[in-house]
Amino acid sequence: ILPIKEIVFGPQFSGKAKVVTYDAKWETQSAEYLGTSTFDCPAKITQEEEEMVITATKKACHALGVRDYCRFDIRLKDGIPYFIDYNANPALGSRDASALPSAVFGLSYPEFLAAIVAVALKRYR
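Residues numbered from 1 in each chain as written. Predicted model: local features only at pLDDT ≥ 70, side-chain atom pairs only at ≥ 80, totals over all residues. Heavy atoms only, no water.

Engineer: Can you tell me about helix α5 (residues 109-122), naming the residues and giving the values?
Structural biologist: If you check α5, its first and last C-alpha atoms are 21 Å apart, about what 14 residues at 1.5 Å a residue would give, namely 20 Å. Those residues of α5 not exposed but buried are F112, I116 and A120. Buried residues of α5, viewed axially, fall in a sector of 75°; they line one side. Across α5 from its buried face, at more than 90 degrees, point the exposed residues P110 and K122. Of the surrounding elements, those touching the buried residues of α5 are α4 (99-104). (Helix = DSSP H or I, 4+ residues; strand = E, 2+ residues; numbered from the N terminus. Expected span 1.5 Å × (residues − 1). Buried < 20%, exposed > 50% of the residue type's maximum accessible area, 1.4 Å probe, protein only. Arc of directions from axis to C-beta. Contact = heavy atoms within 4.5 Å.)

Engineer: Before we move on, could you go through unusual backbone geometry and cite the residues and values that matter?
Structural biologist: Following C41, the chain continues to P42 via a peptide bond in cis, the omega torsion being 0°. At D68, a residue that is not glycine, the phi angle is positive and equals roughly 75°.

Engineer: Tell me about the pairing of strand β4 (residues 80-87), residues and numbers included.
Structural biologist: In the sheet, strand β3 (residues 71-77) pairs with β4 via seven bridges, with the strands oriented antiparallel. Along β4, the bridge assignment pairs R75 with Y82. (Pairing = 2+ DSSP bridges.)

Engineer: Report on helix α3 (residues 47-64), specifying residues and quantitative values.
Structural biologist: In an α-helix, one turn spans 3.6 residues, which is why side chains three or four residues apart end up on the same side. With 18 residues, α3 extends 25 Å between its outermost C-alpha atoms, agreeing within 8% with the 26 Å of an ideal straight helix rising 1.5 Å per residue. Considering only its buried residues, α3 is in contact with β3 and β4. Downstream of α3 by one or two residues, G65 has phi in the positive range, about 70°.

Put into structure tokens, the structure is as follows:
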């Protein structure tokens, strides 16, 4: 499991739902995009919260039969992780969601991709 990445919502989200919309993902000049372009990685959560997220993530992967890699969008409320979205085939571009956590983990982008391929190849050897 890569380090947990947290989106830091900017002041333009004060009093609004903290949701990454289409504009926040793709419209680079929009207030939503500019207001969600900052991340904490690893996330600024307690050790106990991190352990709860990791444990819950491992259980979810097992229950869903995840192989190789995936991404979960999780909301942490009152120290409890709530799974919002499961992406079985998340984008793996050098600017996508997994790039920063893999770098924090100590992997270059090519090493990160090679690790995913290596895990997949173990099934076929």
